[in-house]
Amino acid sequence: MSVKKIAVLTSGGDAPGMNAAIRAVVRTCAYHGLEVMGVYRGYQGMIEGDFKEMSARSVRDIINKGGTILKSARSKDFRTPEGRAIAYKNLTAAGADALVVIGGDGSFTGALAFNKEYNFPVIGIPGTIDNDIYGTDYTLGYDTALNTVIDAIDKIRDTASSHNRLFFIEVMGRDAGHIALNSGIGAGAEEILIPEENIGLPKLLKSLEKSRNSGKTSSLVVVAEGDNIGKNVFELKEYVEEHHPDYDVRVSVLGHMQRGGSPSCFDRVLASRMGVKAVESLIEGKTNCMVGIRNTKMELTPLEKAIKGTSKINMELLRVAEIMAT
Ligand code: F6P
């Protein structure tokens, strides 16, 4: 059966580039003569029938905007078969016969369950600042978030250096250290704490001492929110002050500002490529796959693999970070 009308939604944590991806999906549909409708507030909007017909012109002026014009939500109801049944009824009543889901692995789990129950064609586009999805070298929003973080840490460096202070800077990344590791190298951190590697508290102290003994008067430590050293950034401050009362320590939690802002050119191009690939894959009869970029090429990965697999940290970067902190 050929696809006639595609529904598109954004789900989970928003990420810069989601609007560019919505635009790409809508315009690719228009290009191929397909109808397209937007679903507001992710799966919750599917359950509530919150839809909007879209056209090439309804996505004007959004390529440069952060957030998502379709809004996003984490729907509890869609995790139940009853919720998905209502969603299916609404979607088919509106004439949609395929779905593009822009989100993270939680969103893909929902898409897969929906497909299994109703044989409804679904394609995923990885949108999350965490870059923690298997099957793609980059997720939408990651590059922009990195640049936002670097910008913030550069500013913290100015004040850290003026006051000879040690800063613990917490960045996002509940399960993955990509943001912390890359921004840490990019911003010149003395130490980087990530979920994938527990360096332990003694090594952290040693490394701070080494840095001070080498003549450095201020230090930046970038900490992923999901790191597993066993203490949060505020406890780390207390711990260091206990052992080194002479250290002047401050904490900065960057928080949700990392998710906002205008997408970088990289994210806009990536979103455009992913949107085209998603729609054209549905036209070719593909389903249950996620669009990704690998070695600069667009590739499809089965949703099941994308959900179960883990995106690995580049171990070489850990070494580079250590050498750069000399
Ligand atoms: O998954 C993206 C992310 O920004 C994580 O890094 C963070 O832990 C989480 O979302 C925060 O989610 P919420 O906005 O629902 O608090």
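Relevant structure appears above.
A brief structural summary. (Residues numbered from 1 in each chain as written. Predicted model: local features only at pLDDT ≥ 70, side-chain atom pairs only at ≥ 80, totals over all residues. Heavy atoms only, no water.)

**Topic: the sheet that holds strand 5 (residues 122–126)**
With mixed pairing, 7 strands are arranged side by side in an open sheet as 3-2-1-4-5-10-11. Where the open sheet ends on each side, the last strands, each with one partner, are strand 3 (51–54) and strand 11 (297–302). Neighbour-to-neighbour, the strand axes of the sheet open up by a mean angle of 30°, direction not taken into account. The pairing of strand 5 with strand 10 (residues 289–294) spans 2 bridges and is classified as parallel. Bridging from a neighbouring strand, Gly124 pairs with Met290 of strand 10. (Pairing = 2+ DSSP bridges. Helix = DSSP H or I, 4+ residues; strand = E, 2+ residues; numbered from the N terminus. Axes fitted to C-alpha atoms, helices over the stretch in contact; angles between N-to-C directions.)

**Considering the state of the cysteines**
In this structure the tally under the stated criterion is 0 disulfides. For Cys29, which is in no disulfide, the shortest distance to another cysteine sulfur is to Cys289 and amounts to 17 Å. (Disulfide = S-S within 2.5 Å.)

**Describing a negative patch on the surface**
Among the surface-exposed residues, Asp105, Asp175, Glu196 and Glu225 lie close enough to one another that they form a single negatively charged patch. Mapped onto the elements, Asp175 comes out in the loop between strand 6 (166–171) and helix 6 (178–187). Taking the relative accessible area as the measure of exposure, Asp175 reaches 55% and is therefore exposed. (Patch = residues over 30% accessible without salt bridge, like charges linked within 9 Å, V, L, I, M, F, W, Y side chains within 5 Å. Areas by Shrake-Rupley, 256 points an atom, 1.4 Å probe, with all protein chains shown as cover. Salt bridge = Lys/Arg side-chain N within 4 Å of Asp/Glu carboxyl O. Lys, Arg positive; Asp, Glu negative; His and termini not counted. Charge placed at Lys NZ, Arg CZ, Asp CG, Glu CD. Buried < 20%, exposed > 50% of the residue type's maximum accessible area, 1.4 Å probe, protein only.)

**Describing the site of the ligand**
In the vicinity of the ligand, the contacting residues are Arg74, Thr128, Asp130, Met172, Gly173, Arg174, Glu225, His256 and Arg259. Here an oxygen atom of the ligand sits 3.2 Å away from a polar atom, N or O, in the main chain of Gly173. Here an oxygen atom of the ligand and a side-chain polar atom of His256 are 2.8 Å apart. Summarising the interface, the protein chains cover 76% of the accessible area of the ligand, which totals 400 Å² for the free molecule. In the shell around the ligand, the residues fall into 1 nonpolar, 3 polar and 5 charged. (Near = heavy atom within 4 Å. Polar contact = N/O pair within 3.5 Å; in protein donor to acceptor, adjacent residues only side chain to side chain. Nonpolar A, V, L, I, M, F, W, Y, C, P; charged D, E, K, R; others polar.)

**What to know about the layout of surface pockets**
There is about 600 Å³ of room inside the largest pocket. What lines the largest pocket is a set of 28 residues, and nearest its centre among them are Gly12, Arg74, Gly106, Ser107 and Arg174. When its residues are assigned to classes, the lining of the largest pocket shows 6 nonpolar, 11 polar and 11 charged. Here the second largest pocket defines a volume of roughly 410 Å³. Around the second largest pocket, the lining comprises 19 residues; the ones closest to its centre are Glu190, Glu191, Lys203, Ser207 and Glu322. Contributing elements (two or more residues each) for the lining of the second largest pocket: strand 7 (191–193), helix 7 (201–213) and helix 11 (315–324). Counting residues per element, the lining of the second largest pocket draws most heavily on helix 7, which supplies 5 residues. Broken down by class, the residue content of the lining of the second largest pocket amounts to 7 nonpolar, 4 polar and 8 charged. (1 Å grid on protein atoms, 1.4 Å probe; cavity = no way out; pocket = protein on both sides within 12 Å on 5 of 7 lines; lining within 4 Å. Points joined across faces, edges and corners; volume = space filled by probe spheres on them.)

**What to know about empty space enclosed by the protein**
Taken as a whole and judged by the stated rule, the model has 1 cavity of 30 Å³ or more. Quantified by volume, the largest cavity comes out at close to 90 Å³. As for the largest cavity, its lining consists of Asn164, Arg165, Leu166, Leu208, Ser211, Arg212, Lys216, Thr217, Ser218, Ser219, Tyr247 and Asp248. The element contributing the most residues to the lining of the largest cavity is helix 7, with 3 residues.

**Thoughts on the sheet that holds strand 9 (residues 249–253)**
Strand order in the open sheet formed by 4 strands is 7-8-6-9, with parallel pairing between adjacent strands. The sheet is open, and its two edges are formed by strand 7 and strand 9, each paired on a single side. Here the average twist between neighbouring strands, direction ignored, is 20°. Note that strand 6 and strand 8 (residues 219–224) share 6 bridges and pair parallel.

**Considering unusual backbone geometry**
With a phi angle near 60°, Asp61 is a residue other than glycine that sits in the positive phi range. Judged by its relative accessible area of 57%, Asp61 is exposed. Here the phi dihedral of Asn164 falls at roughly 55°; this positive angle occurs in a residue that is not glycine. Its place among the elements puts Asn164 in the loop between helix 5 (142–163) and strand 6. Take Asn164: its relative accessible area is 42%, and that puts it in the partly exposed class.

**What about the environment of Glu170?**
Among the structural elements, Glu170 can be located in strand 6. On the accessibility criterion, Glu170 (18% relative accessible area) is buried. Sequence separation between Glu170 and His243 is 73 residues, and the spatial gap between their C-alpha atoms is 21 Å. Excluding its chain neighbours within four sequence positions, the residues that come into contact with Glu170 are Val223, Glu225, Val233, Ser252, Val253, Leu254, Gly255 and Gln258. (Contact = heavy atoms within 4.5 Å.)

**Remarks on the pairing of strand 5**
Here is the key point about a regular strand: its side chains alternate between the two faces of the sheet. Counting buried positions along strand 5 gives 5 out of 5 residues, so the element sits mostly inside the fold. Alignment of strand 4 (residues 98–103) against strand 5, held across 5 bridges, turns out to be parallel. The partner of Gly103 across the bridge, within strand 5, is Pro126. Assessed by its sense of winding, the connection that carries the chain from strand 4 through helix 4 (residues 105–118) to strand 5 is right-handed. (Right-handed = clockwise from strand over helix to strand, strands pointing away.)

So far we have only geometry, and geometry alone does not tell us how the molecule works.
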